[in-house]
Structures are given as structure tokens and as C-alpha cells.
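A look at the structure
Single-letter residue listing:
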Amino acid sequence: MKQFLQNYVPAIKQLPLKKKYTKEELLTRDFLIEEGNGVQIYYAPHNEYINPHAKIFIVGITPGFEQMNTAISTARSCLETGCSLEEIKYQCKVQARFSGALRKNLLDLLRQLKLNEFLHIYDVEELFTTHDELLHTLSLIPYPVFVKGKNYTGHQPKLLKTPILLKYIEHYFVDELSNLHNVLIIPLGKGVEEALLYLANHQMINEKQILRGFPHPSGANAHRFKQLENNKPYMMKQLNDYFLGGNK
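What counts and how
- Residues numbered from 1 in each chain as written.
- Predicted model: local features only at pLDDT ≥ 70, side-chain atom pairs only at ≥ 80, totals over all residues.
- Heavy atoms only, no water.
- Phe/Tyr/Trp six-rings, centres within 6.5 Å; stacked < 30°, edge-to-face > 60°.
- Helix = DSSP H or I, 4+ residues; strand = E, 2+ residues; numbered from the N terminus.
- Buried < 20%, exposed > 50% of the residue type's maximum accessible area, 1.4 Å probe, protein only.
- Pairing = 2+ DSSP bridges.
- Expected span 1.5 Å × (residues − 1).
- Axes fitted to C-alpha atoms, helices over the stretch in contact; angles between N-to-C directions.
- Parallel < 35°, antiparallel > 145°, perpendicular 65-115°, else oblique.
- Left-handed = near helix turned anticlockwise from the far one by under 90°.
- Contact = heavy atoms within 4.5 Å.
- Nonpolar A, V, L, I, M, F, W, Y, C, P; charged D, E, K, R; others polar.
- Salt bridge = Lys/Arg side-chain N within 4 Å of Asp/Glu carboxyl O.

Moving on: the packing of aromatic side chains. Applying the stated criterion across every chain, the model contains 11 aromatic pairs. Aromatic pair Tyr42 and Phe146: ring centres 5.8 Å apart, planes at 70 degrees, arrangement edge-to-face. Within this pair, whereas Tyr42 is found in strand E2 (residues 39-42), its partner Phe146 is found in strand E5 (residues 145-147), the two being separated by 104 residues in sequence. Comparing Tyr42 with Phe146, the two get one shared label, buried. Considering the side-chain rings of Phe65 and Phe146, the 6.5 Å spacing of their centres and the 65 degrees angle between planes classify their relative orientation as edge-to-face.

Structure (C-alpha cells):
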């Protein structure tokens, strides 16, 4: 199930050196991990780096094509300049994690919660720059998932009722979390939160670590600020309890 960059180096080297690829170039047999239940899972190299010192763990459903594109183009560029595999893994993580408009929207929401004050940093954007030692990111399914060539959203098929997807959550994700200590888990949207609570109910993770009520930052979620406003009092209480109440 777990994939390794060294196994995909030959395929990445075959790609032309550029910043943007098409789906026809990346959604190929060379990068296909497995398929079934109407979904296809492809490889991308940005989830192999682990930051064991992180205090914040932001979790999405699955990387989208934009993240896959950024990660593979970063790896291709790094291979051209002779970077080590470990450096490539780190650079792919830095460049691809919640890249594009999604990151901007995410930061806007985190600012509303004043997360920077709990972490004693000036702005939450520093989590992705000068203070990235505080941040770890991952998706429940660490590799890009597509349904009929489109980004999987977690709804169809149902995440927790689809064996090909659930096994990544129960094994890969839980294993990744075991490398992190005393991290606050921020699920991006209700679907991720439900999956984390499923793991908590099965005693695989600690429910106290989960920040409940955080909306998905996608631009497609037009109600994200309204959802944040409605859930903000409860989330602020959770943050205060977690960081100031000794409940870690």
C-alpha cells in the first residue's frame, strides 16, 4: 500500500521539465497505484516527509490534481539538479501542501481562530514558511484519488464504506499519526472530521486531539465563513482547553 519515491524516479525522469502537466501526462499507468469501486489512486511524492516535531496536524481528504501536479513537477526539477531523495521529499511537501487558492482560504480561516496566538507566532502563514517545524500535513488518503478523472471529494463513493479507501485511513494514516506526539489535528471539513471520529470510536486515535467544527476551505464551499462563525465559540473553547488547559 505504501509507495516510495525511489520506485517512481524513472517515470518522473521521463516527463518533460516544466511546471505544469496535463492529466493526460500524469494520470497514466506509470503513476497508477490501484483502482476499484470506481476510483483510481495515483502516486504523488509529497506525503513521504514526516515532521515529528509538529504541533499542528492539518488533514484533508485526498490530494487533488493541482497538488499532484505541483509535487511531481517539483520532483522532476529536483532530479534535474541532483537533489537527494530525502531533499526531494521535503521540497515536494513544502511546495505541494494545500497549494494554490486552497492554502489562502485555509489561512483566512485559521486567522479567524487566532491560532497564531496559541502557537506564539506572528501570523499563521508562518506555518508554511519560517515556522514550518510546527506544521505537519497529510490527507486521509495520502495519494491523489480520482473518480471518472475528477478529484474525489469524499462523498461518492462513501469514504468509510469503500474498502479500497478505508484501508488507507485505518493503516497508513494511523501509522503516520503514531510518529507525531501532542499534535492538534485540524480536519478540513465534515467528511474528514467524521473519519477521524470513526478512528477515535475504534480507539485508534485520541478524540481530544481533534478540533471539531472546522469547515472545508475549498472555494467551492461558499458557506465556509458562515460555518466558521457558527462553530467558532465551540472551537475557541477547544483551543483554549487544548493549549491552556493541560488536556494534551
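This next bit is on the pairing of strand E7 (residues 184-187). Alternating residues of E7 divide into Leu184 and Ile186 and Ile185 and Pro187, and every residue in both groups is buried. By the bridge criterion, 4 bridges tie strand E3 (residues 56-60) to E7 in an arrangement that is parallel. Looking at E7, one finds that Val59 is bridged to Pro187.

Glancing now at helix H5 (residues 101-112). Every α-helix carries 3.6 residues per turn, so stepping three or four residues along brings you back to the same face. With 12 residues, H5 should cover 16 Å at 1.5 Å per step; its first-to-last C-alpha distance of 17 Å lies within 8% of that length. Taken together, the buried positions of H5 are Arg103, Asn105, Leu106, Leu107, Leu109 and Leu110. Downstream of H5 by one or two residues, Lys114 has phi in the positive range, about 55 degrees.

Here we come to the packing of helix H7 (residues 163-177) against helix H8 (residues 190-201). In the contact formed by H7 and H8, the axes pass within 11 Å of each other and the chain directions differ by 70 degrees. Between H7 and H8, the crossing angle belongs to the class labelled roughly perpendicular. Note that H7 runs across H8; the crossing there is right-handed. The residues of H8 that touch H7, namely those facing Leu166, Ile169, Glu170, Phe173 and Val174, are Leu196, Tyr198 and Leu199. Classifying every residue of the contact of H7 with H8 gives 7 nonpolar, no polar and 1 charged.

What follows deals with the pattern of salt bridges. Tallied over the entire structure, the rule returns 14 salt bridges. The closest approach of N and O atoms between Arg29 and Glu35, which form a salt bridge, is 3.0 Å. Put simply, Asp123 and Arg111 hold a salt bridge, and the shortest N to O gap is 3.0 Å. Placement of the pair is Asp123 in the loop between helix H6 (115-119) and strand E4 (135-139) and Arg111 in helix H5, with a sequence separation of 12 residues. Residue classification places Asp123 among the buried residues on the basis of a relative accessible area of 18%.

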